[in-house]
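Okay, here's what each chain looks like letter by letter:
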Amino acid sequence: MVILRVEALEKEFARTRALKGVSFSLREGEILGVLGPNGAGKTTLIHCILGLVEPTKGRVEVFGLQMDRHRSEILSRVNFASSYVSLPYSLTVEENLVVYAYLYGISNPRQRIREVLELFEIWHLRGKTTRGLSTGQMTRLCLAKAMLNRPKLLMLDEPTAGLDPEIAAKTRTLLMRLKECEGLSVLYTSHNLREMEKVADRVIFLHEGRIIAEGPSSQLLSSHGVGSLEELFFKVLKG
Amino acid sequence: MSLRRVWAVFLRQAYLYRRSFPRALEVFYWPTLDILLWGFVSIYLQKSSAGLPRFVAFFLGALILWDILFRAQQGITVSFLEDMWARNLINLFVSPMRVSEYLAGLVLVSILKVVISFVVMSTLAGLFYSFSIFKLGLLLLPMVLNLVAMGWAIGIVTMALILRFGQEAEVLAWAVAFLFMPISAVFYPVDVLPPLLRGVAFFVPSSHTFEAMRGAINGDIRVVELATATVENAVYIVLSLIFFRLIYRNALKRGVLPKIGE
């Protein structure tokens, strides 16, 4: 079952064309990695899918619904985390999650908050203001927020940047488990190409707003005659 | 509209004020300072100009009512700025929350700020100057509602301007309301204004409200003034919402929503 379908997506800003006809789909229980150098259009793509940026042309369908017409309905089953987005510093960990639990209409918010905080091993930080969190703890809090509503589609923009290797590995394992057990679909951008190899079922390679390579990691590696996504990254960039 | 989501927007701001002593202090600090400073000034002026009747009532009544407008506007705009400063807007706008729910949540924050400020100012005015704003009687209610409505309209327009021009425009949050102060005829009758500004003042709902307040203190009930203010406010609220919607749509097209506050 297709969870997300992006068709001929274009986004033109005042002086730049950030996306030039991007098309792909994401199936239920699939982790799709989005690779590309800085300025390739990865973040614009995520923002268009989330309805934060209006595409110039093209179409985004989530759960078979169009974002511009069913925004609220779609977003109640989607969530997002980015290492570049934080939560209000003056609120405690728990208060932040209470606010988002209400926004996502979670029934029994206290119990769910405990579950997600325990999942990311930050339950002991619940009374601490987010101002006092380390970068890694903040990232885990954002991931906890992203799991609050038991999303069917998760958009992660560099989710493990700032995490130590142990927690990053735990996060990856958790995503894999949720994918297997709950059919979670994930759109995942990362500059950590080794991580992408481990996590993503399929990757798309964005460059200057276009998809220039797409497929399962192993297939892409063999078709380009390279041993890792990192080698592929440099090879593709050199043209 | 989901009341839970409206409550979430309110709760986020309420937590902020509970956790932040300087912010909580600010809610009490300015109303207290205003009423003390201008209260004593008005007593001094009343003593030195014996011919001017009910000077303290005119002045303190105007001060308390103007603060209602200002707090109503601040409740909207500063709360939006708080989300902008915290870089929290992305998280909010990728949630199922609708823009209307966000605005409704900010309206609740605004009501809380108005109530606190009103209680502080009217209590101090009673304690220090034996002035009761409730002497305005039932007319106080339409006056307050009109000023709150105008504060919301200004707040929504200011928020739209910040959305359009980014963080550089945040000073507008404190400046825009004061732009209306001279033509609102807060502390003097509209007649004092030159003819051109008198014409402008006709289209400013607060000018009618303050005229009605002065009338009420003199025992003259000016229903027409309050009705005019009400009609104008209804129009301005609708226009401010349309303006905000246009700017919001434009922000989606320009892709500035994720970047605002950076």
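Provided above is the structure to which this section pertains.
Notes on the structure in this doc start here. Keep in mind the model is a prediction, meaning the values are calculated, not measured.

Rules and cut-offs
Per chain, the residues get numbers from 1 upward, laid out in the order the sequence is written. All chains are assigned letters beginning at A, and all ligands numbers beginning at 1, according to the order in which they are written. Only residues with pLDDT of at least 70 get local features here, since the model is predicted, and only at 80 or more are side-chain atom pairs given and counted; chain-wide, interface and lining totals rely on the full set of residues. Note: side-chain values were computed over all heavy atoms of the structure, leaving out hydrogens and water. Helix and strand definitions follow DSSP, with helices as H or I runs of at least four residues and strands as E runs of at least two, each counted in order from the N terminus. Atoms counted for the radius of gyration: C-alpha only. Globule rule: 2.2 Å times the number of residues to the power 0.38. Classification of residues uses two cut-offs on accessible area relative to the type maximum, computed with a 1.4 Å probe and protein chains only: under 20% is buried, over 50% is exposed, and between them is partly exposed. In this description, contact between two residues means that some pair of their heavy atoms is separated by no more than 4.5 Å. With residues, only the protein chains shown are counted as cover, and all accessible areas are computed by Shrake-Rupley using a 1.4 Å probe. Residues scored as positive are Lys and Arg, those scored as negative are Asp and Glu, and His as well as the terminal groups of each chain are ignored. Where a charge lies is defined by one atom per residue type, namely NZ (Lys), CZ (Arg), CG (Asp) and CD (Glu). By this definition, two strands are paired if DSSP reports at least two bridges between them. Call a crossover right-handed when, viewed with both strands pointing away from you, the route from the first strand across the helix to the second goes clockwise. Residues enter patches when their relative accessible area tops 30% and they take part in no salt bridge; the joining distance is 9 Å for like charges and 5 Å for the nonpolar side chains Val, Leu, Ile, Met, Phe, Trp and Tyr. When a carboxyl oxygen of Asp or Glu lies within 4 Å of a side-chain nitrogen of Lys or Arg, that pair is called a salt bridge.

Thoughts on the overall build of chain A
Argument step 1. Broken down by element type, chain A carries 9 helices and 10 strands.
Argument step 2. Relative to its length of 239 residues, chain A is compact, with a C-alpha radius of gyration of 18 Å against a globular reference of 18 Å.
Argument step 3. Per-residue burial for chain A yields a buried fraction of 59% across its 239 residues.
Argument step 4. For chain A, the proportion of contacts with a sequence separation of at least 24, taken over those separated by at least 6, is 68%.
Argument step 5. Carbon and sulfur atoms form 47% of the exposed surface of chain A, whose accessible area is close to 10000 Å².
Argument step 6. Here chain A contributes 32 positively and 27 negatively charged side chains, and the mean placements of these two sets differ by 2 Å.

Regarding the pairing of strand β7 (residues 153–157) of chain A
All names here are of chain A.
Argument step 1. Counting buried residues in β7 gives 5 out of 5 residues, a clear majority hidden from the surface.
Argument step 2. Residues L153, M155 and D157 point to one face of β7 and L154 and L156 to the other, with burial holding for every one of them.
Argument step 3. Relative to β7, strand β6 (residues 78–82) is paired through 5 bridges, and the arrangement is parallel. Paired with N79 across the two strands is L154, which belongs to β7.
Argument step 4. As paired elements, β7 and strand β8 (residues 185–189) share 5 bridges and run parallel to each other. By the bridge assignment for β8, D157 is matched with T189.
Argument step 5. Each parallel crossover has a hand, and the one from β7 via helix α6 (residues 165–182) to β8 is right-handed.

Concerning unusual backbone geometry
Residue and element names in this part refer to chain A.
Argument step 1. You will see that E121, though not glycine, has its phi angle at about 60°, which is positive.
Argument step 2. The topology assignment puts E121 in the loop between α4 (109–119) and α5 (135–147).
Argument step 3. Judged by its relative accessible area of 37%, E121 is partly exposed.

Quick notes on a nonpolar patch on the surface
All names here are of chain B.
Argument step 1. On the surface, a nonpolar cluster with roughly 540 Å² of combined accessible area is contributed by V231, V235, V238, L239, I242 and L246.
Argument step 2. Looking at the secondary structure, you find L246 in helix α11 (residues 223–254).
Argument step 3. For L246, a relative accessible area of 57% corresponds to the exposed category.

Notes on the sheet that holds strand β4 (residues 57–62) of chain A
Sheets are built from strands paired through backbone hydrogen bonds, the pairs being either parallel or antiparallel.
All names here are of chain A.
Argument step 1. Pairing is antiparallel across the open sheet formed by 4 strands, whose spatial order is β2-β1-β4-β5. Only two strands of the sheet have a single neighbouring strand rather than two, namely β2 (17–27) and β5 (65–66).
Argument step 2. Across 8 bridges, the pairing between strand β1 (residues 2–12) and β2 is antiparallel. Note that in β2 the partner of E10 across the bridge is K20.

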